[in-house]
Amino acid sequence: MATINSISFNFFNSHACRATIGPLAKSLNIPVYGEAIASSIPAIANIIRGMIANELKIFFCLEIDGAVRHNRKIFGINARILHGGKVSTRTLSMMEITDKQTAQNLKNTIEEVLKSYSTDVTHVYACTADNGKNVQKCGQELNKSQQVALNSIEHEQASDDENDDEEDDNECHTGEIDEMLEAVENIVLSGNESCIATLKCAAHTINLVVNDAVDKECDILKKVRKIVKACRKVGYKPFFEIEKVPLPKIDVETRWGSLYEMINSLHSRKAFFEDIGPKFEELHVTADDWTYIEEFTAAFEPLFVLTKALQANDLILGDVFKLLKICQLKLSKIPAANRFSESLKQALQGRAIRMMDNDAFRAALLFDQRWCFIDSPYVSMDERLKVIEHMLKVANILKTFKKKSSIQQQSELPECLAATKSSDDDFETMLEEECQRASTSKLNPSEIDLKVKLLDLIY
């Protein structure tokens, strides 16, 4: 009640709480009062911290983000893991930052938090952050730290091997990782290489697409804001109450999708404002204004829906790619006469390409049978080769983990990676056309076998 529902500790000292919960707590000999509950939280937190630490033994992905609340800079760190065959999120830290949020300071903070969970940067597979230069560079700094740590581990293991003179040179390799590495005869990686990929937050990227396509300071938008604010005057309140019409929403600079919500809330009350507008000048919306509003809502609705969908907790990158494709399909149906149509398409295309240009995203598509198949137009041959090299780096790091400690590999394929088929006929048609236009080379049996072995390695 206190930590999840944000109920004050003083509630447990209230007469109502003591009258209802008190007798039950007394019979069970459980102290239920504010001071006792507050004093028990650190111990419970340590137990939970230990449980999370046990889940961070192999690879996990980081999510980092910052916010400002009442002039306090808050920095959050989450870990995304596979737990029971499903994607789960664990909050590692929510802390106030007093130093400058430079890439180096953020990297040091992340490493300190990881240390508190008995893990380190060598276990980080990818880092998701917004498009800010400091956090994107922070991901690069984490990658450098991972390389330094791997070099140190490799040096220690090399020293141990030199001291072990009685080791049998013909000893057979065992385990899934060793079998996979032996199967790759034509690709050799010397030493361990870092593999952290910095992913750009998809929802934040879509917000930037909106900023690219619309001028938020145009005269019509300024007028709409004035009308929405004027609706809150006391003199107009009776009109909204009589007609039972909710007040239109006001956009907030830091809230994604709020500009669309403001315009759409006005658009959905068009009949009301057409009736009241001629009577009150500051609530009057002209015909040209309505044209702008209608074009805006039609063009930006697909992006608003996409932004909401991208905030789901259990999304994998293959799902993100699917949602982007669906949004592009919807945008393609917007009439060319719409003033936002072309700019939105170009902005989304450019931002999406840059967002997906990293090894982690390419690897996710390669192992997702919805997007990677023979003659697939979504993963080119060059991209597949890059992914194989990337996954070999991951395999070497996993091998390092195995040498350090005995780790039980998860072999169950997550349900979220199972092939799915959309019920949207238009979406299926678009994908079929893209596949028909593709002219990529077919994978030979050895490459298919390599893909299967790599898939076995990861899952």
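Residues numbered from 1 in each chain as written. Predicted model: local features only at pLDDT ≥ 70, side-chain atom pairs only at ≥ 80, totals over all residues. Heavy atoms only, no water.

### Comments concerning the overall build of the protein
Next up, step 1: Regarding its fold elements, the protein presents 18 helices and five strands.
Next up, step 2: In the protein, the proportion of contacts linking residues at least 24 apart, taken out of those at least 6 apart, comes to 72%.
Next up, step 3: In the structure as shown, the protein presents an accessible area of about 26,200 Å², 51% of it carried by carbon and sulfur atoms. (Helix = DSSP H or I, 4+ residues; strand = E, 2+ residues; numbered from the N terminus. Contact = heavy atoms within 4.5 Å. Areas by Shrake-Rupley, 256 points an atom, 1.4 Å probe, with all protein chains shown as cover.)

### Examining helix α8 (residues 219-230)
Next up, step 1: End to end, α8 covers 16 Å across twelve residues, agreeing with the expected 16 Å (1.5 Å per residue, within 8%).
Next up, step 2: Considered for burial, the residues of α8 that qualify are L221, V224, R225, I227, V228 and A230.
Next up, step 3: Of the surrounding secondary structure, the elements contacted by the buried residues of α8 are α10 (258-267), α11 (270-276) and α12 (287-309). (Expected span 1.5 Å × (residues − 1). Buried < 20%, exposed > 50% of the residue type's maximum accessible area, 1.4 Å probe, protein only.)

### Points about the environment of R351
Next up, step 1: As for its position among the elements, R351 is in helix α14 (residues 341-356).
Next up, step 2: Considering only alpha carbons, one finds R351 and L208, 143 residues apart in sequence, at a separation of 8.2 Å.

### Structural notes on unusual backbone geometry
Negative phi is the rule for most residues except glycine; trans is the rule for most peptide bonds.
Next up, step 1: Here the phi dihedral of S118 falls at roughly 60°; this positive angle occurs in a residue that is not glycine.
Next up, step 2: Summarising the element assignment, S118 is placed in the loop between α4 (103-116) and β4 (124-129).
Next up, step 3: For S118, a relative accessible area of 61% puts it in the exposed group.
Next up, step 4: A positive phi angle, close to 55°, is found at K244, a residue other than glycine.
Next up, step 5: In this structure, K244 sits in the loop between α9 (237-242) and α10.

### Some remarks on the environment of I52
Next up, step 1: Tracing the backbone shows I52 in helix α3 (residues 34-55).
Next up, step 2: Sequence-wise, I52 and Y117 are 65 residues apart; in three dimensions their C-alpha atoms are separated by 7.4 Å.
Next up, step 3: Ignoring any residue separated from it by four or fewer positions in sequence, one finds I52 in contact with R90, T91, L92 and Y117.

### Describing the confidence of the model for the protein
Next up, step 1: Model confidence for the protein is summarised by a mean pLDDT of 81, while 81% of its residues fall at 70 or above.
Next up, step 2: Here residues 165-174 scores under 50 on pLDDT; set against residues more than four positions off or in separate chains, the count is three contacts.
Next up, step 3: Counting interchain partners and residues more than four positions distant, the pLDDT-below-50 stretch residues 406-423 has 31 contacts. (pLDDT = per-residue confidence, 0-100.)

### Details of the side chain of T198
Next up, step 1: Looking at the element boundaries, T198 is found in strand β5 (residues 197-200).
Next up, step 2: Accessibility expressed as a relative area gives 18% for T198, which makes it buried.
Next up, step 3: In this structure, T198 is in contact with C127, Q136, G139, Q140 and N358, ignoring residues within four places of it in sequence.

### Looking at the packing of helix α7 (residues 202-213) against α12
Next up, step 1: One can describe the packing of α7 onto α12 by two numbers: an axis separation of 10 Å at closest approach and a directional angle of 160°. Taken together, the axes of α7 and α12 are roughly antiparallel relative to one another. As α7 packs across α12, the resulting crossing turns out to be left-handed. Together, I206, V209, V210 and A213 of α7 and F300, L303, L306 and T307 of α12 make up the contact between the two elements.
Next up, step 2: Looking at the contact of α7 with α12 residue by residue, the classes come out as seven nonpolar, one polar and no charged. (Axes fitted to C-alpha atoms, helices over the stretch in contact; angles between N-to-C directions. Parallel < 35°, antiparallel > 145°, perpendicular 65-115°, else oblique. Left-handed = near helix turned anticlockwise from the far one by under 90°. Nonpolar A, V, L, I, M, F, W, Y, C, P; charged D, E, K, R; others polar.)

### A short note on the pattern of salt bridges
Next up, step 1: Applying the stated rule across the entire model yields 17 salt bridges.
Next up, step 2: For the salt bridge of D212 with R351, the shortest nitrogen-to-oxygen distance reads 2.9 Å. Remark: R351 occurs in helix α14 and D212 occurs in helix α7; sequence separation between them is 139 residues.
Next up, step 3: Here D212 falls in the partly exposed class, since its relative accessible area comes to 43%.
Next up, step 4: One salt-bridge network, in which partners are shared between bridges, spans D319, D368 and R370. (Salt bridge = Lys/Arg side-chain N within 4 Å of Asp/Glu carboxyl O.)

### Quick notes on the packing of aromatic side chains
Next up, step 1: On inspection of all chains with the given rule, the structure shows 15 aromatic pairs.
Next up, step 2: Judged by centre distance (4.2 Å) and plane angle (20°), the ring pair of F296 and F300 falls under stacked. Of this pair, F296 and F300 both sit in helix α12, four residues apart, which is roughly one turn of the helix.
Next up, step 3: Here F296 falls in the buried class, since its relative accessible area comes to 0%.
Next up, step 4: On the basis of relative accessibility, which here comes to 2%, the residue F300 falls in the buried class.
Next up, step 5: Taken together, the ring pairs connect Y292, F296, F300 and F340 into an aromatic cluster. (Phe/Tyr/Trp six-rings, centres within 6.5 Å; stacked < 30°, edge-to-face > 60°.)

### Remarks on the packing of α12 against helix α13 (residues 317-332)
Next up, step 1: One way to put it is that α12 packs onto α13 with a least axis distance of 9 Å and a crossing angle of 170°. Taken together, the axes of α12 and α13 are roughly antiparallel relative to one another. Residues A299, P302, L303, V305, L306 and A309 of α12 touch α13, and the partners they reach there are L323, L324, C327, K330 and L331.
Next up, step 2: Class assignment of the residues belonging to the contact of α12 with α13 gives a composition of ten nonpolar, no polar and one charged.

### Description of a nonpolar patch on the surface
Next up, step 1: Together, I44, I47, I48 and M51 line one region of the surface with nonpolar side chains, adding up to about 400 Å² of accessible area.
Next up, step 2: Along the polypeptide, I44 turns up in helix α3. (Patch = residues over 30% accessible without salt bridge, like charges linked within 9 Å, V, L, I, M, F, W, Y side chains within 5 Å.)

### Section: the side chain of T307
Next up, step 1: Inspection of the secondary structure puts T307 in helix α12.
Next up, step 2: Look at T307 and you get buried, because its relative accessible area is 8%.

### Here we look at α14
Next up, step 1: The terminal C-alpha atoms of α14, which comprises 16 residues, lie 23 Å apart, in line with the 22 Å expected from a rise of 1.5 Å per residue.
Next up, step 2: Those residues of α14 that sit buried are S341, L344, A347, L348, R351, A352, M355 and M356. Buried residues in α14, looked at end-on, bunch into an arc of 140°, giving them a common side. (Arc of directions from axis to C-beta.)

### Things to note about the sheet that holds β4
Next up, step 1: Spatial strand order, β3-β2-β1-β4-β5: five strands in an open sheet with mixed pairing. With partners counted over all chains shown, the strands left at the sheet margins are β3 (86-96) and β5, one partner each. Pairs of neighbouring strands in the sheet enclose a mean axial angle of 25°, with direction left out of account.
Next up, step 2: Sheet topology note: the strand β1 (residues 60-69)/β4 ladder contains four bridges and is parallel. From the neighbouring strand, C61 faces β4, where its bridge partner is A126. (Pairing = 2+ DSSP bridges.)

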